[in-house]
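Summary of the model geometry
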Amino acid sequence: MKHILFIALSATMMLTASCRRPDYDQFLSSQDSIILTDPKLVLENLEADTLHKYKGGDEAYYNLLLTMARDKNYYQFDNDSLISVSQKWFSHSRDLYNQARSTLYLGLVRYRVDTRDTSIPGLLLDAEKVLTESGINDLSVAALIESYLGVLYYRESEYLNAEKHLKSAVYINETRGASSNLVANLIDLSNILVADHKADEATDCLDRVALIMDAGGGVEYQDRYINARAVCCNYSEDYKAALEWARMLASQQEYESRKAQLLSQIFQKLVETDIALFDKQAAIDNRRQDDSLFYYVHYHGLAELYAEKGDYMRAYEESCNAFDWLMMSAEKRKENRIAELEKKYDISMKYVEKSELRQSRLIFAVILFALLFVAALVALFYVRTLTRKRDL
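Residues numbered from 1 in each chain as written. Predicted model: local features only at pLDDT ≥ 70, side-chain atom pairs only at ≥ 80, totals over all residues. Heavy atoms only, no water.

Moving on: the overall build of the protein chain. A count of helices and strands for the protein chain gives 17 helices and zero strands. Burial analysis of the protein chain (392 residues in total) assigns 41% to the buried set. Intrachain contacts of the protein chain at a sequence separation of at least 6 include 57% that bridge at least 24 residues. (Helix = DSSP H or I, 4+ residues; strand = E, 2+ residues; numbered from the N terminus. Buried < 20%, exposed > 50% of the residue type's maximum accessible area, 1.4 Å probe, protein only. Contact = heavy atoms within 4.5 Å.)

Moving on, we get to the packing of aromatic side chains. Under the criterion given, the structure shown has seven aromatic pairs. With a centroid separation of 5.3 Å and 90° between ring planes, the pair formed by tryptophan 89 and phenylalanine 90 is classed as edge-to-face. The exposure class of tryptophan 89 is partly exposed, given its relative accessible area of 30%. The exposure class of phenylalanine 90 is buried, given its relative accessible area of 0%. Here tyrosine 111 and tyrosine 148 contribute two aromatic rings whose centre-to-centre distance is 5.4 Å and whose plane-to-plane angle is 80°, an arrangement assigned as edge-to-face. Of this pair, tyrosine 111 sits in helix α6 (residues 96–113) while tyrosine 148 sits in helix α8 (residues 139–155), and the two are 37 residues apart along the sequence. Exposure class is identical for tyrosine 111 and tyrosine 148. Each is buried. Grouping aromatic residues by their ring pairs yields a cluster made of Tyr24, Tyr61, Trp89 and Phe90. (Phe/Tyr/Trp six-rings, centres within 6.5 Å; stacked < 30°, edge-to-face > 60°.)

Considering every residue of the protein chain, the mean pLDDT works out to 76; 58% of them sit at 70 or more. Mean pLDDT per element in the protein chain: helix α1 (residues 2–19) is the minimum at 42, and helix α9 (residues 159–175) is the maximum at 95. Per-residue pLDDT stays below 50 along residues 1–20; that stretch engages in ten contacts with residues further than four places along the chain or on separate chains. In this model residues 275–279 is a low-confidence stretch, pLDDT under 50, and it forms 14 contacts with partners more than four residues away in sequence or in other chains. (pLDDT = per-residue confidence, 0-100.)

Attention now goes to the packing of helix α7 (residues 120–134) against α8. In contact at an axis separation of 10 Å, α7 and α8 are set at 150° when each is read in the N-to-C sense. Taken together, the axes of α7 and α8 are roughly antiparallel relative to one another. Crossing geometry of α7 relative to α8 is assigned as left-handed. Every residue of α8 that contacts α7 at Ile120, Pro121, Leu124, Leu125, Ala127, Glu128 and Leu131 is listed here: Val141, Ala142, Ile145, Glu146, Tyr148, Leu149 and Leu152. Its residues assigned to classes, the contact of α7 with α8 comprises twelve nonpolar, no polar and two charged. (Axes fitted to C-alpha atoms, helices over the stretch in contact; angles between N-to-C directions. Parallel < 35°, antiparallel > 145°, perpendicular 65-115°, else oblique. Left-handed = near helix turned anticlockwise from the far one by under 90°. Nonpolar A, V, L, I, M, F, W, Y, C, P; charged D, E, K, R; others polar.)

Time to look at the packing of helix α10 (residues 179–195) against helix α11 (residues 199–214). Contact geometry of α10 with α11 gives a least axis separation of 8 Å together with a crossing angle of 160°. Regarding the angle of α10 to α11, the classification is roughly antiparallel. By crossing handedness, the relation of α10 to α11 is classed as left-handed. On α11, the residues touching Ser179, Leu182, Val183, Leu186, Ile187, Leu189, Ser190, Leu193 and Val194 of α10 are Ala199, Glu201, Ala202, Cys205, Leu206, Arg208, Val209, Ile212 and Met213. Classifying every residue of the contact of α10 with α11 gives 14 nonpolar, two polar and two charged.

Below, the discussion takes up the environment of serine 179. Inspection of the secondary structure assignment puts serine 179 in helix α10. Of the residues examined, serine 179 reaches a relative accessible area of 30% and is grouped as partly exposed. Taking the C-alpha atoms as reference points, serine 179 and valine 219, separated by 40 residues in sequence, lie 9.7 Å from one another. Beyond its immediate sequence surroundings of up to four residues, serine 179 is in contact with Ile212, Gly217 and Gly218.

Quick look at the environment of threonine 203 now. Mapped onto the elements of the fold, threonine 203 is located in helix α11. For threonine 203 and serine 190, which are 13 residues apart along the polypeptide, the C-alpha to C-alpha distance reads 7.1 Å. The residues touching threonine 203, leaving out its near neighbours within four places in the chain, are Arg229 and Cys232.

For α11, built from 16 residues, the straight-helix expectation of 22 Å at 1.5 Å per residue is met to within 8% by its first-to-last C-alpha distance of 22 Å. For α11, the set of buried residues is Ala199, Ala202, Cys205, Leu206, Val209, Ala210, Ile212 and Met213. Each buried residue of α11 lies within a common arc of 165° when the element is viewed along its axis, so the set occupies one face. Exposed positions of α11 whose direction lies more than 90 degrees from the buried face are Asp200, Leu211 and Asp214. For α11, the elements touching its buried residues are α10 and α12 (222–235). (Expected span 1.5 Å × (residues − 1). Arc of directions from axis to C-beta.)

What follows deals with unusual backbone geometry. Even without a glycine there, the phi angle at histidine 197 is positive, about 60°. Relative to the elements of secondary structure, histidine 197 occurs in the loop between α10 and α11. A positive phi angle, near 65°, is found at glutamate 237, a position not held by glycine. With respect to the helices and strands, glutamate 237 occurs in the loop between α12 and α13 (239–247).

This is the structure we're talking about:
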């Protein structure tokens, strides 16, 4: 009987060990513990760590931490190769926490590379599902998921969903005392509310931002705050205030297009067509991103302004430009849809492989247990036979 108990206990320990979360390199774990409070130091440490040759789980963990540190230091990603390797490894592991984080950051990196990538919402929702079902309580990860889901729904003009997720992000970041993140969320929420014809609620959000900034929080979002104020005043038809806010925007190149765009909208409403034309053209000239839908909207706006001036030939030319950009936007959307279907197919194949792997492991475990059980019975039978022979 003792032999049977020993064999059964050994089998149980072997099966339990296979389910246990792996122990990662101590240095990597130490960097993870400070990545939220000092991401700059973590990035420096990870990039200077050239002595280690990580493999397996440690390699996936290193790639995840490096991606997180870079993202928190405003790194300009141009591909998702590093975090894709990490996410692929964790998706086959029992480490649900890092599975959620790697899936989240795969979505964030793809957002940095191309905000129109249609696979992003699915990745964020997958990360959220893993967190929820596993009962893991990480407010920083939850806030990131809610923030980006809100922004993505906003881009698709799904304002109710966008508002719901941004309000959730606001609540989480307020609870955890993350003032900078809270400011960013409130500014995004104000833009959503303006788009959904809720200018009074948007103003309340921006008033909260002003109070937080007065206390020294979120000051790095000063230009975004000014832009949001100008947009809100413009929507409320307070054009004098809108002009004052728009002219306060920094002269950095990334804000020149936004500033010119705002001024053009304001002057068009004030029937200052020549000034509106100048600013509309400046908005196009200073645009750094390759956004075909943006160019369609603005060339269409140019056509309207030239028509107001009575320059119908130029209005026709700009309408043709707008149509060309519209076709490019449609082509881009088609390409994105094809890429999304390809990724879904690739993901489905991975799920099949993962399911087959789990089934193989289960079959192996059952066979192993059966063999051990049979071995135990044989051993017991052998011991009893020896005992009987001795008694005879």
